[in-house]
Every structure is written in structure tokens, then in C-alpha cells.
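Structure assessment
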Amino acid sequence: MAERLGAGRHVLNACADRYHFTVGFAATLVSGRLSLLPSTHTAQVIRQLRAYAPDVVCLTDADDCDIELPRVPYPRTAAASDASPPGTPAVPAASMSVPAIGAAQPAACVFTSGSTGTPVPHRKSFGPLIACVGEEARRLGIADGTSRAIVATVPPQHMYGLESSVLMALATGYALCAERPFYPADIAAVLAAVPRPRILVSTPVHLRALLESGIAVPATDLIVCSTAPLAAPLAADIERRCATRLLEVYGSTETGQIALRRPTEGPEWRLWPGIKLSARGEETWAQGGHIEQPTRLWDVLEVTGAGRFLLHGRVADLVNIAGKRSSLAYLDHQLNSIPGVVDGAFFHVDDPRAAARGVARVAACVVAPQLDTAQVVEELRRRIDPVFLPRPLVFVAQLPRNSTGKLPQEALRSLAAAHLKSA
Amino acid sequence: MSEKVSPLRQPAAPVSAAAFMDEVAGLIVEALNLDVAPADIDPAQPLYGEGLGLDSIDILEIALAVSKRYGVQLRADGEENERIFGSLRQLADYITAHRTK
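What counts, and where the lines are drawn
- Residues numbered from 1 in each chain as written.
- Chains lettered and ligands numbered in written order.
- Predicted model: local features only at pLDDT ≥ 70, side-chain atom pairs only at ≥ 80, totals over all residues.
- Helix = DSSP H or I, 4+ residues; strand = E, 2+ residues; numbered from the N terminus.
- Buried ≥ 20, exposed ≤ 12 C-beta atoms within 10 Å, placed from the backbone.
- Contact = placed C-beta atoms within 7 Å.
- Pairing = 2+ DSSP bridges.
- Axes fitted to C-alpha atoms, helices over the stretch in contact; angles between N-to-C directions.
- Nonpolar A, V, L, I, M, F, W, Y, C, P; charged D, E, K, R; others polar.
- Domains from an automatic or database assignment.
- pLDDT = per-residue confidence, 0-100.
- Core = buried A, V, L, I, M, F, W, Y, C linked by C-beta atoms within 7 Å.
- Arc of directions from axis to C-beta.

The helix and strand tally for chain B stands at 4 helices and 0 strands. Helices and strands in chain B line up, N terminus first, as α-α-α-α. The buried share of chain B, reckoned over its 101 residues, is 37%. For chain B, long-range pairs separated by at least 24 residues make up 65% of all intrachain contacts whose partners lie at least 6 apart in sequence.

On to unusual backbone geometry, then. All names here are of chain A. Note that the residue after R196, namely P197, is joined by a cis bond; omega there is -5°. Looking at the element boundaries, P197 is found in the loop between α5 (184-193) and β9 (198-202). Of note, the amide linkage connecting R391 to P392 takes the cis form, showing an omega dihedral of -5°. Mapped onto the fold, P392 is located in the loop between α10 (373-383) and β23 (393-395). Positioned with a positive phi, T227 is a non-glycine residue whose angle comes to about 95°. Positionally, T227 belongs in the loop between β10 (222-225) and α7 (232-242). For T227, a count of 25 C-beta atoms within 10 Å translates into the label buried. In this structure, A243 takes a positive phi of about 45° despite not being glycine. Secondary-structure assignment places A243 in the loop between α7 and β11 (245-252).

Right, let's talk about the sheet that holds strand β2 (residues 34-37) of chain A for a bit. Residue and element names in this part refer to chain A. Taken together, the 6 strands give an open sheet; going across it, the order is β4-β3-β1-β2-β5-β6, and neighbouring strands pair in mixed fashion. Of all the strands in the sheet, just β4 (71-73) and β6 (120-125) have a single pairing partner and so form its edges. Neighbour-to-neighbour, the strand axes of the sheet open up by a mean angle of 30°, direction not taken into account. One ladder, built from 3 bridges, connects strand β1 (residues 10-13) with β2; its direction is parallel. The residue bridging V11 from the neighbouring strand is S35, located in β2. Against the sheet, helix α1 (residues 18-30) makes contact with β1, β2, β3 (57-60) and β5 (106-112), and its axis sits at roughly 170° relative to β1, the strand it touches most.

As a further point, take the interface of chain A and chain B. Facing the 22 residues of chain A at the interface are 14 residues of chain B. Secondary-structure elements contributing two or more residues to the side of chain A that touches chain B are α5, α6 (204-212) and α11 (409-422) of chain A. Split by residue class, the side of chain A that touches chain B holds 16 nonpolar, 1 polar and 5 charged.

A few words on the environment of H122 of chain A. Residues and elements named next belong to chain A. Relative to the helices and strands, H122 resides in strand β6. For the pair H122 and S403, spaced 281 residues apart in the sequence, the C-alpha separation amounts to 37 Å. Setting aside its immediate chain neighbours within four residues, H122 contacts C109, V110, T112, T253 and E254.

This paragraph deals with the domain arrangement of chain A. Residues and elements named next belong to chain A. As assigned here, chain A comprises domain 1 (1-76), domain 2 (126-146 + 157-315) and domain 3 (318-422). At the junction of the two partners, domain 2 supplies 13 residues and domain 3 supplies 9 residues. Of the residues that constitute the side of domain 2 that touches domain 3, the class distribution is 7 nonpolar, 4 polar and 2 charged.

Attention now goes to the confidence of the model for chain B. Residue and element names in this part refer to chain B. Of all residues in chain B, 83% have pLDDT values of 70 or greater, and the mean over the chain is 81. Mean pLDDT values for the elements of chain B range from 74 in helix α3 (residues 79-84) up to 92 in helix α4 (residues 88-98). Contacts of residues 1-9 to residues separated by more than four positions or lying in other chains number 16 contacts, the stretch itself having pLDDT below 50. For this predicted complex, the interface confidence reaches an ipTM of 0.77, while the overall pTM sits at 0.86.

Let's shift gears to the environment of L200 of chain A. Residues and elements named next belong to chain A. By secondary structure assignment, the location of L200 is in strand β9. Along the sequence, L200 and A149 sit 51 residues apart, while their C-alpha atoms lie 8.7 Å from each other. The residues touching L200, leaving out its near neighbours within four places in the chain, are V151, L191, T220 and I223.

Counting 136 residues, the largest nonpolar core has L12, L59, I150 and V151 of chain A together with V24, I28 and L91 of chain B as the members making the most contacts within it. Per-element accounting of this core gives the leading share, 8 residues, to helix α2 (residues 56-70) of chain B. Apart from residues lying up to four places away in sequence, L12 of chain A is in contact with L36, L49, V56, C58, L59 and L69 of chain A.

With that out of the way, let us pick up the sheet that holds β11 of chain A. Residues and elements named next belong to chain A. Taken in spatial order, the 9 strands line up as β8-β7-β9-β10-β11-β12-β13-β18-β17 in an open sheet, and their pairing is mixed. One side of each edge strand has no neighbouring strand; the edge strands of this open sheet are β8 (175-176) and β17 (299-305). Where strand β12 (residues 256-261) meets strand β13 (residues 269-271), 2 bridges bridge the pair, whose relative direction is antiparallel. In the sheet register, A259 faces β13, and the bridge partner there is L271. Here helix α4 (residues 159-172) sits on the sheet and contacts β7 (149-152), β8, β9, β10, β11 and β12; the angle it forms with β7, its principal contact strand, is near 160°.

Glancing now at α7 of chain A. All names here are of chain A. Taken together, the buried positions of α7 are occupied by L234, A235, I238 and C242. Around the axis of α7, the buried residues are gathered within 100° of arc, so they sit on the same side. Turned more than 90 degrees away from the buried face of α7, the exposed residues are P233 and R240. In the core, the buried residues of α7 are packed alongside α6, β10 and β11. Within two residues after α7, A243 carries a phi angle of roughly 45°, on the positive side.

Here it is in C-alpha cells:
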């Protein structure tokens, strides 16, 4: 596998199958290469990735991959396709030794959106990644060595999915399910197909759909949830329906996972041992444990005791839609970079129903007399992940900037509401 | 502004394919709180990505609404799933063929 990756040192691992992804990740690691894991694969992000690492190749298991990078197809086994080149002879498991990876070796590079339009890379060393996942296993109560099967609805490319499925399996030796079930019926079927004890790694969006679908969920020994806070009543319903424990983990792309709670026992989060929070003005920073350097958290946290805190939502600028993260500043930058856009700004939508679903969308006002909705949306689609496309996009004559040039979110919401009413 | 969607009739009475497509369009607009009128959804344009511009979170939401109203549990079996969400017409046809209520 590592030989197929060519001369470059960087690999964009786009494999959808979790087993393929894991093999690709491991091959990248043992050959001293670095896995690049951007949260989205829009044309612009790929261009920026090429600028960051000109030698990057794309490892893919899709036949119709449209990522504009030199492609390395995931090798098919001879059994799966007669057309594939003959594989190397199978090596008996007993004769293979597990390679030792240095703790300081960079294993993955994840990206956050930044505010100026250029993604900010965060390099993760192998040692801290594995330390984080080892602690997660202890906190989840699954570090006893009993073999388990891990089923995950989150992509392996996302920090949470990477940690709680791929790295968890590598660190513990537990079985990892290659599928990424999507619909409630898929989740139930994949769970039923693996032996107990089994773990479901998921998100509020998938869990709510699973619950509301009315489908019979096979007994599941542990459910892990992350990406957005889970409402306590929903957590209680899921625990009852699946006769299980539901544990929620808290973390960020920059820090990895740092805290855990069981929502049915209370709203407080407990930090991983060794991790410390500190206030810097309005900001909360985390350090210690597996965190490689002091790191700002983009949520509003209230420390309630030693190693305990409450989560009071994101900081105003941050956008988190179903685990995909961006910032209003970044989205504004992208909107204003479109030829023909005179001015434009994104804002948070007040929609209690959407918020209850864990999917609070963003909207935008734009001044672009020469363009129509379809043109602006098409341009945005090239630049940002589709979950951030504005709903709605409102065309206005002028943005409600105040005397200092600032744009209060409330003024944008009022302006948009007024326009929609009169439309 | 999005139009109010009338409560849809049930249990299923025999309806024409066109009327049923309107019903499914109404279900989509209602489930997603979309800023378009059901009648403005082009029956032939893709629901996913370009076209109506839905993403996977929306698709999950539509699947949930479809399972509740028509008793159809969608599965992500490769090609078929892409076809189902290929357009409003294809989704309506699929529900018609598989509905249990």
C-alpha cells in the first residue's frame, strides 16, 4: 500500500470505507508520510491544500472521485475485481510484526477554517493522538480488553470519527466496522450484523433520526455521541429504547477530545485527567494532557469545580453545523470574494426547531445588483461546504452597518425578516 | 416567504401521480422549512447537491418524514439511493412502489 503512494510525503485520504481509510492511514503513517484531513473537499479547499503541500496525492476508493489531485486508487482485492493487478502473496499474520511509531511523529494534519480565507493546519503527533484515545477508552469504561465491535455513523476524516472509530480500534485492537451506516434502517442493520458487545459512535442528528424512525434498534452496549450537545430528554429516550448507556464526549479539532458526561446524570462535563482550563479575558483555553500546546476553545465554558464545567454554546463567530465547523468571518470572506458581490454578511438564524434538531443553519444578506441567487449560490458552492450555504440568501440594497462599520447580528436578522415578509 | 403547507390527507386515497408528487413536495418543504413553494420544486431536477441544493442532513430529515408518513424505511444501497433522490419524481415513484401506509 505504502509503495502505491508514490514519491510525495502528503496523502489526502478520501476513502469512504472505514477499513480502506484505516489501511491508507496506517500505510501513510508507517512510511513516514502525513495524512491531510480537511473537513470538506470543495474545489477551493483542494487548491489550498495543493498550495500547502504541492506533493499531495488523493487516496480514494470511489470510482467517480472528482477531487482535482493526482489519484491513487485504493487497490481492489483479486476476488473483488478480475481487472485489478495481481496482489502480493498473503503474509501469514504470525510472521508480521506491529511496526513501532515514534510518539513525536506527525500522524495527521487537520484544518480549521481561520478567518481570512486560508485554512489553518493543526498537526497531530501520533503519541498524543493515541494518549487521547487511550484516555477516551478508560473514560468510556471500555479499556478492559474485552473485544468489542465499533460501528460509526461519522466519517473517519472528521477528528471525532478519526479518534473514536479508527484510532480507537488501532489503540485497543477492537473490531472496526467498515460501513458508515446513514439511514436509521442502515444503522440498525449494521449493528445487528456485528456481535456484542457493540459500540455505536454517532451524533445527535443520526441518533434523533434513529429514535424517531420507530425502527427496532438491536441491543447496543454503549452509545458515544459528539459534534453538538445532546438534549437530556433525547439522551434519556435513546438510553431507554436501546437499553444502553449513552456517553457524550466533548472536544475540538484543535484539542481532540478532552471531556465526557452522561447527559442523563447531569449537565456537567468532566475533564480528562491532566487537562486544565484557564480563562483569558472572555476566552477559555485548554492545556495539559495530550494537548500539545495551550489552545483556545471556541465555546463558552463555565468552570463549576475542579475538572468540571458547563457548556454554554459556541462563541458568537463560530458556526457548527452537524459537526462541520466554520466561522462567520470565514464565510463572510468567501461571500465577499465573489466577483459582483458588493457587500455581504452571514448570520445565525433563530430557529428553535432547527436548534432542537442540532442543525442550526446560517443565512446571509448580500448586496449584488448584477447577480441572482443561483449565481451567488453556485459561486459559494465552489468555496464552502454545502452545509454552510445560506438559508435563505437575501438580496438587499445595503447592509445595516452601524456608525463604526460593524454589523450587529440582530440588525441582519431584522433586515432579512423584513425583506422576506415583503417578498 | 414559504407558503403554509396544508395538512396532508391520510390514510392514502388513490391519487394521481402528479397530485402525489405535489404531496411529497409539500412534505419536503415542511420537513426542511424551505424557503420555496412546493409547486416551485422542479419534478425533474436533482434534490441533492446542485438543483434544490439539499445536503445529507436534509436527506436524512426527508427520509425520516417519509418513514413516518408512508412507512417506507430508506436504505443506502448504493445506486438505488442515488436514484431515489435523483429528483422529486423519482422519490415520489419510489414511495408509491414501497409505501405501507
